[in-house]
Amino acid sequence: MAEGESLLDGLPRVPEQLVTPGALDAKLSEAQKPFVVRGLAAHWPLVEAANAGDAMVRNYLVEHARPRSFPVNIGEPGGGDRLFYDAQMGMNFRMAQGPLGEIIDGILANIGKPDAPVIYLSSIDMDGYFDGLREENRLPLGNRVPIESVWIGGRTRIAAHNDVPHNLAICATGRRRFTLFPPEEFPNLYLGPLENTPAGRPVSMVDFAAPDFSLHPRFRNALECAQVADLAPGDAIFIPSLWWHHVEGLAPFNILVNYWWSDAPSFLGKPEDALFHAILALRDLPDADKARWRALFDHYVFANGAEVTQHLPPDARGILAPLTPHSAGQIRARLLRSLSR
């Protein structure tokens, strides 16, 4: 690679789609893979303020901020732009709180300083922390009831991770680069701990800016499936459930708005809870026992064919029938009783 060139620069691009705001709902309903829409949110007041300069967008956000402290992640001076683990597998940043205006002023004051600490407001709930911001900057998402969040910071690198909900992310200020991998690529991303994570989701241990292929050789396989998207203000990217994404804030000041939603009924349990329970109950069993339980899981959960219940009267199938809020509640109650012993 030439000096200054990133390993990610030559990767294939995430496909772009021509989607008007009015057609967005239908497009999201049919989409199975990531796509980018240029200028989808170009009409937002937040984007228009960003185009007028950092001071304008700072004032716009502060005018809409509620009078409360905002949580913020702060790295060590000279610690680089990567929010990640430290050498002891703790976090290389600390949590603090303060007024939004002072936090943004700190970001802007550090622009251009070589030893500037990372200052990053992550996943700030729009309704909980702002008045009118969500209403003024909206997209027509049909009947979806998403979680709507704002992310604000300087130059940052967020390790590759995935989310269970679908994700529509809008670059409102600055520039963002997303590097995406299909869900099945997780073995090639070398994930860190499941329970000790920078932000609640397991992350890739690979440093995308300087990958160590002697330590992470399978990452080359992941790169063969990777796609990259560079977003400017107003651009959007759709990331389907469980797709891995590495996110970089490339400008000195960056703002992202994202929407998370799930197509699954709200009464269903969380798959990641089942994974933790399976580690507790199954992983360390003898191999022969694990093989028997694998067959049971395939029968009742993953295959779940007609043969599971066709020999039972419909009113006697219990939780083997399609779940309802009532039967899901029965399972939760049983699990709570079991786990509390």
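Look a little higher up for the structure.
Computed from a predicted model, the values in this text were never measured in an experiment.

**Brief notes about the overall build of the protein chain**
- When its secondary structure is counted, the protein chain shows 10 helices and 13 strands.
- The C-alpha radius of gyration computed for the protein chain amounts to 22 Å, which stays within 12% of the reference 20 Å derived for 341 residues, consistent with globular compactness.
- By its C-alpha atoms, the protein chain is 70 × 50 × 40 Å across when sized along the principal axes.

**Focus on the side chain of arginine 176**
- In this fold, arginine 176 is placed in strand β9 (residues 176-181).
- The charged side chain of arginine 176 is buried without a salt bridge, its nearest counter-charge being glutamate 248 at 10 Å.
- Setting aside residues up to four positions removed in sequence, arginine 176 forms contacts with Tyr120, Trp151, Cys171, Ala229, Asp230, Leu231, Val247, Glu248, Gly249, Asn254, Ile255 and Leu256.

**Focus: the environment of leucine 100**
- Relative to the assigned elements, leucine 100 resides in helix α4 (residues 100-109).
- Take leucine 100: its relative accessible area is 3%, and that puts it in the buried class.
- Distance in space between the C-alpha atoms of leucine 100 and proline 71 is 9.0 Å, their sequence separation being 29 residues.
- Residues contacting leucine 100, with those up to four places away along its chain left out, are Leu61, Val62, Ala65, Phe70, Leu121, Phe130 and Ile152.

**Examining the nonpolar core**
- Among the nonpolar cores identified, the biggest contains 46 residues, and Phe130, Ile152 and Leu168 are the most heavily contacted of them.
- Isoleucine 152 has contacts with Leu61, Leu100, Ile104, Ile107, Ile119, Tyr120, Leu121, Phe253, Asn254 and Ile255, leaving out every residue within four places of it along the chain.
- Residues Phe93, Tyr120, Ala229 and Leu256 belong to the second largest nonpolar core, which totals 20 residues.

**Overview of the pairing of strand β5 (residues 119-125)**
- When strand β2 (residues 70-75) meets β5, the two strands line up antiparallel, connected through two bridges. In the strand pairing of β5, asparagine 73 is matched with tyrosine 120.
- Taken together, the four bridges between β5 and strand β6 (residues 147-153) define a ladder with antiparallel strand orientation. The residue bridging leucine 121 from the neighbouring strand is isoleucine 152, located in β6.

**Some words on the side chain of arginine 82**
- Among the structural elements, arginine 82 can be located in strand β3 (residues 82-83).
- A relative accessible area of 16% places arginine 82 in the buried class.
- With residues up to four places along the chain from it excluded, the contact list for arginine 82 reads Asn92, Val118, Arg157, Ser204, Met205, Val206 and Asp207.

**Focus: helix α9 (residues 287-303)**
- Along α9, the sharpest kink reaches roughly 35 degrees, centred on phenylalanine 297.
- Just beyond α9, the residue with positive phi is asparagine 304, at close to 50 degrees.

**Some details on unusual backbone geometry**
- Of note, the phi angle at tyrosine 190 is positive, near 55 degrees, even though the residue is not glycine.
- Relative to the elements of secondary structure, tyrosine 190 occurs in the loop between β9 and α7 (219-223).
- Backbone geometry at leucine 242 places phi at a positive 70 degrees, although glycine is not the residue there.
- Positionally, leucine 242 belongs in the loop between β11 (236-239) and β12 (244-249).
- Given a relative accessible area of 36%, leucine 242 falls into the partly exposed group.

The rules behind each value
- Residues numbered from 1 in each chain as written.
- Predicted model: local features only at pLDDT ≥ 70, side-chain atom pairs only at ≥ 80, totals over all residues.
- Heavy atoms only, no water.
- Helix = DSSP H or I, 4+ residues; strand = E, 2+ residues; numbered from the N terminus.
- Rg over C-alpha atoms; globule rule 2.2 N^0.38 Å.
- Buried < 20%, exposed > 50% of the residue type's maximum accessible area, 1.4 Å probe, protein only.
- Lys, Arg positive; Asp, Glu negative; His and termini not counted.
- Salt bridge = Lys/Arg side-chain N within 4 Å of Asp/Glu carboxyl O.
- Contact = heavy atoms within 4.5 Å.
- Core = buried A, V, L, I, M, F, W, Y, C linked by side-chain atoms within 4.5 Å.
- Pairing = 2+ DSSP bridges.
- Bend = angle between axes of the 7 residues up to and from the residue.

Structural measurements only, silent on function.
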